[in-house]
Amino acid sequence: MVGTIIAALVGIFLAVPVFAVDGAKLLDQVDRNLSPESYESYRKIINVEPDGRKKEFTYYTVKKGREKVAGLFIAPASEKGRTTLRLGDNMWLYIPNVGKPVRITSLQSVVGGVFNNSDILSLDYAVEYNVEKVEEQGKEYLLHLKAKTRTVAYDRLRMWVMKDRSLPSRIECLTEAGMLVKTLHFKDIKDFGGGIVRPAVLETDSPLYKGYKSVMIFAKITKRDFRDEIFTLTFMPKMESLR
Amino acid sequence: MGTTVLRGCMIAALCVCRSVTDILSVVTKVFLYSGLGRNDKPGRVVEESDGRFDIVTVCLFFMVLCHVPILASPSFAEEYTFDVSEVEKKPYHIGGYIEFYPILFGLDKNSAMYKLNFYDRNMAGTTEQYNGNLQVDASLEKGISRAYMKTFTSYTDSWQTQTTKTHIFEGYLSVKPSSSFIVDAGKKTMNWGKGYAWNPAAFLDRPKDPNDPELSREGFIVGSIDYTRSFTGGALKTFSFTPVLVPVYSGVNDDLGEVDHVNLASKFYFLFQDTDIDVMFLTGGSRTTRYGMDFSRNITTNLEVHGEFSLINGYEQTYTDTAGTVSKRSYTAKNYLVGLRYLTKSDTTYIVEYYRNGTGYSTTEMRDFYSFTDRAYERYITTGSTDLLARALNLNQQGAYGRINPAVNYLYIRVMQKDPFDILYYTPAVTLIANIDDKSFSLTPEITYTGITNLELRLRTGIIAGTRGSEYGEKQNDYRIDFRARYYF
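All values reported here derive from a predicted model rather than from experimental measurement.

**Quick notes on the overall build of chain B**
Stage number 1. Check the secondary structure of chain B and you find 7 helices and 18 strands.
Stage number 2. Taking all 489 residues of chain B together, 48% fall into the buried category.
Stage number 3. Contacts spanning at least 24 positions in sequence make up 56% of the contacts within chain B whose residues lie at least 6 apart.
Stage number 4. For chain B, the exposed area adds up to about 22400 Å²; of that, 58% sits on carbon and sulfur atoms.

See below:
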């Protein structure tokens, strides 16, 4: 009898071992492993066309807390001085020639290519998504995420998370109807110093842009604190002074 | 004329293609979508080649020049690399753009504006204008201070003039003791308001051209402070206060209004409940006191709405009757604008704005002005006297009739399609600016290509239409074709 109970318990644990995994905690851990709460970083965004031609952008980003992100384009010359700001669901773009910030939406793209604004000005995943379900798939967990509100760019995400590092390896972005919009591939895990070990390359492709892909390469991620007033429309034209 | 436009579009598209496959693809697609493939009179496609397309030839020549290094560009197969030394910051910056910008105007010889501007000339059906522009912006940063300057040099070669002019658009010193307190002094643009095509609450800015609303404009000499506070946890997330002092003296901002006044303007900004809200005013004597407000908000992930309102106390309007009797009246003018920006799933962007210009003229008043201009022209033809024409010209140039949009009710619609036919960096667009009251309009199709780093090519045409006596029907041109090759450095 005791043997039967033990066997049943073992069977239950083997059948659904991920019930032991707290999805929300795992998602928080993924967020913290991808970046500190407040940091500055440099990245290069590359749009690659089917024949291999490329267009590159160099982008400086600062983030504070869970929902304040701002960015400054450093190159090429045609984009230099453009800044972007995100406060929760609110996004703005400042173009030096236009001389004032204008609101943009998360589904637009300030750089063209496959990345849209919500990819470039991404917040912590836990800010925008709830974990609906966690599955175990070999060396990875599969997190099924559902957007908390309708203002989030993708209604659902499927996130594959490496068990050993609590870092994502792949994320599929889906519409409410379950249509695949794009896939994000996390590659080349690198030590950025200060305890930050994360993928240095984020590659994306989309069935909507067959043959095209966009790549984001992180060169530097450094913990840094900022005042809240950095993340305001007034400061957007002055972002260069932060570097 | 449609085939002319199409031909221009094809030339532009062809010239920026960088492979035989691209060229074939674009030719096929333009051909099929244009309906030319079904044209059973192929001769019509070329019948307008009457020698007026020198400008197109120049565009072609320039674009082919641009094309040459691209043909030789290598295939990119290397691994992605990013060296941090690429982004090292320097204390100074020099950048800007240089552009080649020829324009072909198709003249409407029966229009009031043609008669006013060309009364003593016998022009051909078209006239060309070649422009070369250089915009340079430079900055120098040291500690909490930053000096900034933007200059604009333009070369124009037309039937009327061959000139080179340089303007200092901006030049100011900025001191930033903290991220929440910034002091600026010098010539700068304020760019108030949320409208895309018009900004009735931009009290300290020169008028925007709705045909090219993103162009830089010259600023005014001001002293300003930006004070900003952020808040967490409440409905109010950000508050900013921007007081501005604007001196108006002879030689200093004297085109703003009455001289010998120091004017005060202020803007209060609130990010409240995820909505941008600005409240502003201008007072001080150079212009009558005016108040304004604007808002902007994202409703969904692909829809933004905005609005703007201003009230001008004691606005003085000069107007004429058909005989050229000039009168003045003073009233409180109310201007407002509502608009939206909507992005569809297929990456089509719609910008729609309705603008009520409370300082504008009614359809009847506009018609009276055009009738007076016609009378002045008839008088010139019959008697050789230019006195009435001079009065009409003065009303047009110095008065409000010559403003970019002098009437009351306008509609602006711009539709842009990103990456059509799955080809990145091509953005065709069409813009409609309509005078709602007299049903005249300008329609501007265009195509922009940005696939080459730091180079932007734009080909567009403007079709200007309306009945006699209507605003766009009386414009000087029936159509225009322009090409802009802009290189950023």
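Following the structure, the description resumes.
**Concerning the nonpolar core**
Side chains of nonpolar character tend, in soluble globular proteins, to be buried together.
Stage number 1. The biggest cluster of nonpolar side chains holds 50 residues, and the ones touching the most others in it are Tyr 125, Leu 143 and Met 159 of chain A.
Stage number 2. For Leu 143 of chain A, the residues in contact, after removing those within four places along its chain, are Gly 23, Leu 26, Leu 27, Val 131, Lys 133, Val 134, Leu 157, Arg 158, Met 159 and Val 161 of chain A.
Stage number 3. The next biggest cluster of nonpolar side chains, apart from the first, holds 33 residues, and it includes Ala 197, Ile 351, Ala 392 and Ala 400 of chain B.

**Notes on the pairing of strand 7 (residues 129–137) of chain A**
Residues and elements named next belong to chain A.
Stage number 1. Bridge count for strand 7 against strand 8 (residues 140–147) is 8 bridges, and the pairing is antiparallel. Among the inter-strand pairings, Tyr 129 is bridged to a residue of strand 8, identified as Ala 147.
Stage number 2. Here strand 7 hands over to strand 8 after 2 residues, with Gly 138 in that stretch at a positive phi of 65°.

**Focus on the pairing of strand 9 (residues 156–162) of chain A**
Residue and element names in this part refer to chain A.
Stage number 1. Most of strand 9 sits out of view: 5 of its 7 residues are buried.
Stage number 2. Relative to strand 10 (residues 167–174), strand 9 runs antiparallel, the two sharing 7 bridges. Bridge pairing links Leu 157 to Cys 173 in strand 10.
Stage number 3. Turn length for the strand 9-strand 10 hairpin, with the two strands adjacent in sequence and antiparallel, is 4 residues, and the turn residue Ser 166 shows positive phi of about 50°.

**Points about the interface of chain A and chain B**
Stage number 1. At the interface, 62 residues of chain A touch 71 residues of chain B.
Stage number 2. Carbon and sulfur atoms make up 53% of the surface buried where chain A meets chain B, a total of about 5500 Å² over both sides.
Stage number 3. Per-residue buried area on chain A facing chain B is highest for Arg 53, Asn 97 and Arg 103 of chain A; these three make up 13% of the total on that side.
Stage number 4. On inspection of chain A and its partner chain B, the count reaches 2 salt bridges.
Stage number 5. Residues Asp 276 of chain B and Arg 103 of chain A are paired through a salt bridge, measuring 2.7 Å at the closest nitrogen-oxygen approach.
Stage number 6. Our count for the contact surface shared by chain A and chain B stands at 23 residue pairs in polar contact (both at pLDDT 80 or more).
Stage number 7. For the side of chain A that touches chain B, the secondary-structure elements that each account for two or more residues are strand 1 (39–48), strand 2 (54–64), strand 3 (68–75), strand 5 (90–94), strand 6 (101–104) and strand 13 (213–223) of chain A.
Stage number 8. Each residue belonging to the side of chain A that touches chain B can be placed in one class, and the counts come to 25 nonpolar, 16 polar and 21 charged.

**Quick notes on the pattern of salt bridges**
Pairing between side chains becomes possible if they bear opposite charge and their charged atoms approach one another.
All names here are of chain B.
Stage number 1. Taken as a whole and assessed by the stated rule, the structure comprises 52 salt bridges over all chains.
Stage number 2. One salt bridge in this structure joins Arg 484 and Asp 212, with 3.9 Å as the shortest N-O distance. You can see Arg 484 sitting in strand 18 (residues 477–488) and its partner Asp 212 sitting in the loop between strand 5 (181–188) and strand 6 (220–230), a full 272 residues away along the chain. Like Arg 484, the residue Asp 212 is buried in the burial classification.
Stage number 3. A salt bridge links Arg 468 to Glu 474; its shortest N-O distance comes to 3.6 Å.
Stage number 4. A relative accessible area of 2% places Glu 474 in the buried class.
Stage number 5. Taken together, the salt bridges that share partners define one network made up of Glu 99, Asp 212, Glu 456, Arg 458, Arg 460, Arg 480, Asp 482, Arg 484 and Arg 486.

Procedures and definitions
Residues numbered from 1 in each chain as written. Chains lettered and ligands numbered in written order. Predicted model: local features only at pLDDT ≥ 70, side-chain atom pairs only at ≥ 80, totals over all residues. Heavy atoms only, no water. Helix = DSSP H or I, 4+ residues; strand = E, 2+ residues; numbered from the N terminus. Buried < 20%, exposed > 50% of the residue type's maximum accessible area, 1.4 Å probe, protein only. Contact = heavy atoms within 4.5 Å. Areas by Shrake-Rupley, 256 points an atom, 1.4 Å probe, with all protein chains shown as cover. Core = buried A, V, L, I, M, F, W, Y, C linked by side-chain atoms within 4.5 Å. Pairing = 2+ DSSP bridges. Buried area = accessible area lost by both parts, 1.4 Å probe. Salt bridge = Lys/Arg side-chain N within 4 Å of Asp/Glu carboxyl O. Polar contact = N/O pair within 3.5 Å; in protein donor to acceptor, adjacent residues only side chain to side chain. Nonpolar A, V, L, I, M, F, W, Y, C, P; charged D, E, K, R; others polar.

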